[in-house]
Amino acid sequence: MNVLFLITGLLFVFAIGYLFSNDRKHIKYKRIVIMLAAQLVLVFTLMNTSVGLTIVTNIGNFFEELMAIADAGIEFVLGGIVNKGEEPFIFTALLPLVFLSVLIGVLNHVKILPVIIKYTGFVLSKITGMGKLESYFAVSTAVLGQPEVFLTILKQIPLLSPKRIYTICTSAMSAVSMAMVGAYMTMLEPQYVVTAVALNIFSALIIANIINPYDLSDEEDLMQTDEQERVPFFQMVSQSVMDGFKLVVTVAAMLLGFISLMELINVMFLGVFNVSFQTLMGYIFAPIAFLMGVPWSEVVEAGSIMATKLVTNEFVAMLNFGEISAGLSEKTVAIISVYLVSFANFGTVGIIAGSIRSISEKQGNYISKVALKLLLGATLASVISGTMMGLVI
């Protein structure tokens with residue numbers, strides 16, 4: 001049965017992708033099959049073997065330790081504000097982002113991350129058949145996050161073709177930064193978060209080869225990354241602290257606004273139609289959830305969470321998911337958890353379009369023009385990753 005739902009989920013993605021493809025005649029079937037095979041190996045290894053489970057467990061423990069270390073600074077500055085036994089979301093999930101931002105800055109400063117990203121991207125390009133830049137970007141955005149990752153290819157962005165811009169932006173929406181992983185692990189099972197990060201790298205490139213297929217000549221496939229001006233170590237730490245704090249404030253503000261807005265819409269729909277907006281959206285997304293492998297009895301709840309992520313953001317969806325996940329099956333929890341680990345939502349499209357426009361107005365205008373297709377591609381990538389997880393649960 002799991003294999004059947006793998007097929008239905010992937011067929012759904014291919015059908016929608018084919019419908020909106022820019023060049024149906026040149027869809028890269030060979031690349032797609034190779035990347036799907038790589039995902040199958042990944043998901044079976046990480047979820048069904050002792051080696052994979054050890055890797056996932058150790059990564060989860062590593063981030064738990066990092067979050068515990070971050071608590072030292074939080075306790076010193078804000079200790080005593082919270083009543084004993086209470087765990088406000090901003091303390092447990094958001095404020096640790098400041099420390100994680102500093103850690104990423106340090107690893108980047110001492111050239112550890114650039115080496116990892118470069119060689120992982122090189123290996124990925126050999127597996128996927130994609131360009132060196134696309135493979136580099138798919139890996140680096142999963143570490144650095146966006147919009148910061150765009151700064152590493154600052155000079156190349158104005159020179160890229162529309163098709164290549166679409167591919168890297170799909171990767172940016174499908175991946176999540178290392179700094180966010182720790183926050184997600186406070187709301188979802190760490191094993192699902194780790195597996196989703198790995199699957200999403202391939203899922204974004206699979207979608208690119210359906211919606212946005214193209215070939216590159218050797219001359220076009222040159223890659224040049226732009227190193228930021230090296231600053232003194234403690235200046236870098238200070239900048240990383242402020243970047244992390246800005247991220248905390250941004251996420252907190254978005255949660256305040258989006259959660260309140262969602263509540264207002266729900267109240268209005270309940271008053272007029274006697275059904276909440278989230279439940280209504282759940283019915284719309286229910287067939288997709290079913291094709292991914294969610295049991296029929298739980299598709300409306302799952303569809304509601306999927307829709308919430310799309311119209312608000314993944315944090316709002318994860319918080320709502322946490323309220324209902326105890327009553328759902330392990331299979332549904334696994335599939336939806338993996339689906340939620342990405343930036344595929346309306347707000348992120350605006351962030352990416354603004355980031356690109358700040359570098360190149362022409363490219364930014366193009367991204368704004370194809371914003372809905374970009375959101376579609378990133379959402380389909382999440383569907384692929386969630387469907388893959390359903391195979392092994």
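The rules behind these values
- Residues numbered from 1 in each chain as written.
- Predicted model: local features only at pLDDT ≥ 70, side-chain atom pairs only at ≥ 80, totals over all residues.
- Heavy atoms only, no water.
- 1 Å grid on protein atoms, 1.4 Å probe; cavity = no way out; pocket = protein on both sides within 12 Å on 5 of 7 lines; lining within 4 Å.
- Points joined across faces, edges and corners; volume = space filled by probe spheres on them.
- Helix = DSSP H or I, 4+ residues; strand = E, 2+ residues; numbered from the N terminus.
- Nonpolar A, V, L, I, M, F, W, Y, C, P; charged D, E, K, R; others polar.
- Phe/Tyr/Trp six-rings, centres within 6.5 Å; stacked < 30°, edge-to-face > 60°.
- Buried < 20%, exposed > 50% of the residue type's maximum accessible area, 1.4 Å probe, protein only.
- Lys NZ or Arg CZ within 6 Å of the ring centre and 35° of its normal.
- UniProt positions renumbered as here; feature names shortened; annotations may be inferred.
- Axes fitted to C-alpha atoms, helices over the stretch in contact; angles between N-to-C directions.
- Parallel < 35°, antiparallel > 145°, perpendicular 65-115°, else oblique.
- Contact = heavy atoms within 4.5 Å.

### Structural notes on empty space enclosed by the protein
Then, number 1: Under the definition given, this model contains one cavity of 30 Å³ or more.
Then, number 2: Phe62, Phe63, Leu66, Leu100, Leu103, Ile104 and Met178 together form the lining of the largest cavity.
Then, number 3: Of all elements in the fold, only helix 3 (50-78) and helix 5 (96-109) reach the threshold of two or more residues within the lining of the largest cavity.
Then, number 4: Split into classes, the residues belonging to the lining of the largest cavity amount to seven nonpolar, no polar and no charged.

### Regarding the layout of surface pockets
Then, number 1: Put simply, the second largest pocket is a space of about 710 Å³.
Then, number 2: For the lining of the second largest pocket, the elements supplying multiple residues, two or more each, are helix 2 (29-48), helix 3, helix 6 (112-128), helix 7 (132-144), helix 9 (178-185) and helix 10 (190-211).
Then, number 3: Here the lining of the second largest pocket is built from residues that sort into 23 nonpolar, one polar and no charged.

### Structural notes on the packing of aromatic side chains
Then, number 1: Going through the model one piece at a time under the given rule, you end up with nine aromatic pairs.
Then, number 2: On the numbers, 6.0 Å between centres and 40 degrees between planes, the contact of Phe14 with Tyr29 is tilted. Placement of the pair is Phe14 in helix 1 (residues 2-19) and Tyr29 in helix 2, with a sequence separation of 15 residues.
Then, number 3: For Tyr29, a relative accessible area of 44% corresponds to the partly exposed category.
Then, number 4: Positioned above the aromatic ring of Tyr339, the side-chain terminus of Lys309 is 4.7 Å from the ring centre.

### Section: the UniProt feature "domain: Concentrative nucleoside transporter N-terminal" (unreviewed entry) in the chain
Then, number 1: UniProt's feature table lists "domain: Concentrative nucleoside transporter N-terminal" (unreviewed entry) at residues 9-80, given in the numbering used throughout.
Then, number 2: Each end of residues 9-80 is marked by a C-alpha atom, and these two atoms are 49 Å apart; helix forms 83% of the span and strand 0%.

### What to know about the packing of helix 3 against helix 9
Then, number 1: Across the interface, helix 3 lies against helix 9 with an axial gap of 10 Å and an inter-helix angle of 90 degrees. Judged by the inter-axis angle, helix 3 sits roughly perpendicular to helix 9. Residues Ile59, Gly60, Phe63 and Met67 of helix 3 touch helix 9, and the partners they reach there are Met178, Val181, Gly182, Ala183 and Met185.
Then, number 2: Tallied by class, the residues present in the contact of helix 3 with helix 9 amount to seven nonpolar, two polar and no charged.

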